[in-house]
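So you can see what is in the structure, the chains are spelled out below.
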Amino acid sequence: MSDVHGLKKAKELGIRLREIGSRVVLENEHVRIWEVKVEPGETVDFHIHYHPYAVVSIDGGENEVETIFGDTRSTFEPPGATVFIDGMRPVHKLTNKSNVTYLSRLVELKHITWTPEEAPLPSTDAATPAASSTPAGAPSALPAEAGSASASALPADAMAAFKEILIQTADMDWAAKSLAGLSQKMLWRNEETGASIGLVRFEKGAGVPEAHAHASNQFMFCLEGRYRYIPTGTTLTPGCFYWNPKGSVHGPTIAEETSVLLEIYDGPHYPVRPSWYTNDDDAR
């Protein structure tokens, strides 16, 4: 059996795999959210991921990834950059190569657990991303570049695990929705299931005008502003994570300050189009 994911090699070298982040900031049956904080020159030692995950960069971003096979490459994830990985990559470590702290949130989607050797490699090709994985009009994905190590040091199919998509959200335009004061940057959508990851922005004073429920689990991470759920007083501020379970009624809401939120759905957004949208596209 081939060692595409490098677990055999790690065992042969006596390497004990480490945690994938610095600390868990929230965990429930659906997601596990890690804070990844790496000081200049420090390393998140060899580890492997067992679930699909999204990474949202908060600060820093000049890092180096080294696999258990010795391949190295540089990555650049400035604040706001978002990466989604839907396949099991080889055992690897991450080193901060910049002179500032690298800080991100890594969101594991626990409804899928990968089994080594049987797990798929990431399905999207950086050169030709799949339509279901990248929004129309999004910036082109950056190619996965080989580092200083020879490609011959890797199993033949291991390099496929570095096919990934990087979106610099600062290069994307905000797309206005039919609810006044609301715009979005769609980062990823699965057209078959309706699951999606996007950035949403509510201008000060804007909000969802009615109580409502979603057709799937809704997860939100606040990047900027103050966003309040009026009936309960629950207020999202920078660094807050919010989870609203499928079918749970919440809202109306109001942005007390202009607010930017990372919003994740694990399925379709609404059971039917809500009244505050004038077209079906805005409701998904």
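The structure presented is a predicted model; accordingly, all values stated were derived computationally and were not measured.

## Details of the overall build of the protein chain
When its secondary structure is counted, the protein chain shows one helix and 17 strands. Per-residue burial over the protein chain gives 49% buried out of 284 residues. Accessible surface, the protein chain: about 13,100 Å² in total, of which carbon and sulfur atoms supply 51%.

## Examining the sheet that holds strand E2 (residues 31-38)
Across the sheet, which stays open at both edges, the six strands sit in the order E1-E2-E9-E4-E7-E10 with antiparallel pairing between neighbours. Strands at the two margins of the open sheet, each flanked by one partner only, are strand E1 (23-27) and strand E10 (166-167). In this structure, strand E7 (residues 82-85) lies alongside E10, joined through two bridges in antiparallel fashion. Paired with Thr 82 across the two strands is Ile 167, which belongs to E10.

## As for the pattern of salt bridges
It is possible for side chains bearing opposite charge to pair when their charged atoms get close. The full count for this structure, using the stated rule, is 13 salt bridges. The partner of Arg 284 in a salt bridge is Glu 191, and the shortest N-O contact between them spans 3.0 Å. Here Arg 284, found in the segment after strand E17 (253-265), pairs with Glu 191, found in the loop between strand E12 (182-189) and strand E13 (196-202); they are 93 residues apart in sequence, far enough to count as distant. The exposure class of Arg 284 is partly exposed, given its relative accessible area of 33%. Assessed through its relative accessible area of 47%, Glu 191 is described here as partly exposed. A salt bridge links Asp 280 to Arg 273, with the shortest nitrogen-to-oxygen separation between them at 3.2 Å. Exposure remark for Asp 280: the relative accessible area of 52% places this residue in the exposed category. Using a relative accessible area of 42% as the deciding quantity, one classes Arg 273 as partly exposed. By sharing partners, the salt bridges in this structure join Glu 27, Arg 32, Glu 108 and Lys 110 into a single network.

## A few points about empty space enclosed by the protein
Applying the stated criterion across every chain yields a total of three cavities of 30 Å³ or more. Looking at the largest cavity, its volume works out to about 220 Å³. Around the largest cavity sit 23 residues that line it, and Gln 218, Glu 263, Tyr 265, Tyr 270 and Tyr 277 are the ones nearest its centre. Looking at which element gives the most residues to the lining of the largest cavity, the answer is E13, with five residues. Class assignment for the residues of the lining of the largest cavity results in 12 nonpolar, nine polar and two charged.

## Concerning the confidence of the model for the protein chain
When the pLDDT values of the protein chain are averaged, the result is 86; 85% of them are 70 or greater. Under a pLDDT of 50 for its full length, residues 124-153 has, in the predicted model, 53 contacts with residues more than four places off or in other chains.

## Examining the sheet that holds strand E8 (residues 92-96)
Strand order in the open sheet made by the four strands is E3-E8-E5-E6, with antiparallel pairing throughout. The open sheet terminates on both sides in strands that have one partner only, identified here as strand E3 (43-47) and strand E6 (72-76). On average, each strand axis in the sheet is inclined to that of its neighbour by 20°, with strand direction left out of account. Judged from the three bridges that link them, E3 and E8 form a sheet pairing that is antiparallel. If you follow Val 44 over to E8, its bridge partner there is Leu 94.

## Observations regarding the packing of aromatic side chains
Enumeration according to the criterion identifies nine aromatic pairs in this entry. Taken together through their ring pairs, the aromatic side chains of Phe 202, Tyr 227, Tyr 229 and Tyr 242 make up a single cluster.

## Focus on the nonpolar core
Within soluble globular proteins, side chains that are nonpolar tend to cluster in buried spots. With 19 residues, the main nonpolar core has Val 31, Phe 84, Val 107, Leu 187, Ile 197, Leu 262 and Ile 264 as its most contacted residues. For this core, the elements supplying multiple residues, two or more each, are E2, strand E4 (53-59), strand E9 (102-109), E12, E13, strand E14 (218-229) and E17. Excluding anything up to four places from it in sequence, Val 31 contacts Leu 26, Val 107, Glu 108, Leu 109, Lys 110, Phe 219 and Phe 241. Counting residues in each nonpolar core, the second largest holds 18 residues, with Leu 179, Tyr 242, Leu 261 and Tyr 277 among its members.

## Some details on the environment of Gly 61
With respect to the helices, strands and loops of the structure, Gly 61 is situated in the loop between E4 and strand E5 (62-67). The exposure class assigned to Gly 61 is buried, which follows from its relative accessible area of 0%. On a C-alpha basis, the gap between Gly 61 and Ala 81 in space is 8.7 Å, while along the polypeptide they are 20 residues apart. In contact with Gly 61, other than residues within four places in its own chain, are Thr 75, Phe 76, Glu 77, Pro 78 and Tyr 102.

So, how was this worked out
By convention here, each chain's residues receive numbers from 1 onward along its written sequence. Predicted model: local features are reported for residues with pLDDT of at least 70 only, side-chain atom pairs are reported and counted for 80 or more only, and whole-chain, interface and lining totals are derived from all residues. In computing side-chain properties, one takes all heavy atoms of the structure into account and sets aside hydrogens as well as water. Every helix listed is a DSSP run of H or I at least four residues long, and every strand listed is a run of E at least two residues long, numbered separately from the N terminus. The buried label goes to any residue with under 20% of its type's maximum accessible area, the exposed label to any with over 50%, and the partly exposed label to all in between, with areas taken from a 1.4 Å probe on protein chains only. Only the protein chains shown count as cover for residues, and the accessible areas themselves come from Shrake-Rupley with a 1.4 Å probe. In this description, strands pair whenever DSSP reports at least two bridges between them. We define a salt bridge as a contact between a side-chain nitrogen of Lys or Arg and a carboxyl oxygen of Asp or Glu at a distance within 4 Å. Whether a set of points on the 1 Å grid over the protein atoms alone is a cavity depends on a 1.4 Å probe fitting there but being unable to get out, while an open set qualifies as a pocket with protein on both sides within 12 Å along at least five of seven lines; lining residues are those with an atom within 4 Å of a point. Grid points are joined across faces, edges and corners, and a volume is the space filled by probe spheres set on the points. Three residue categories are used. Nonpolar comprises Ala, Val, Leu, Ile, Met, Phe, Trp, Tyr, Cys and Pro, charged comprises Asp, Glu, Lys and Arg, and polar comprises the others, including Gly. Every residue carries a pLDDT, the predictor's confidence in it, which falls somewhere between 0 and 100. Residue contacts follow a heavy-atom distance rule, with two residues in contact if any of their heavy atoms lie within 4.5 Å. Note on geometry: axes are lines fitted to C-alpha atoms, helical ones only across the stretch in contact, with angles between N-to-C directions running from 0 to 180 degrees. Working definition: rings of Phe, Tyr and Trp (its six-membered ring) pair if their centres are within 6.5 Å, and the pair is stacked with planes under 30 degrees apart, edge-to-face with planes over 60 apart, and tilted otherwise. Only buried residues count toward a nonpolar core. Its members are Ala, Val, Leu, Ile, Met, Phe, Trp, Tyr and Cys residues joined through side-chain atoms within 4.5 Å.

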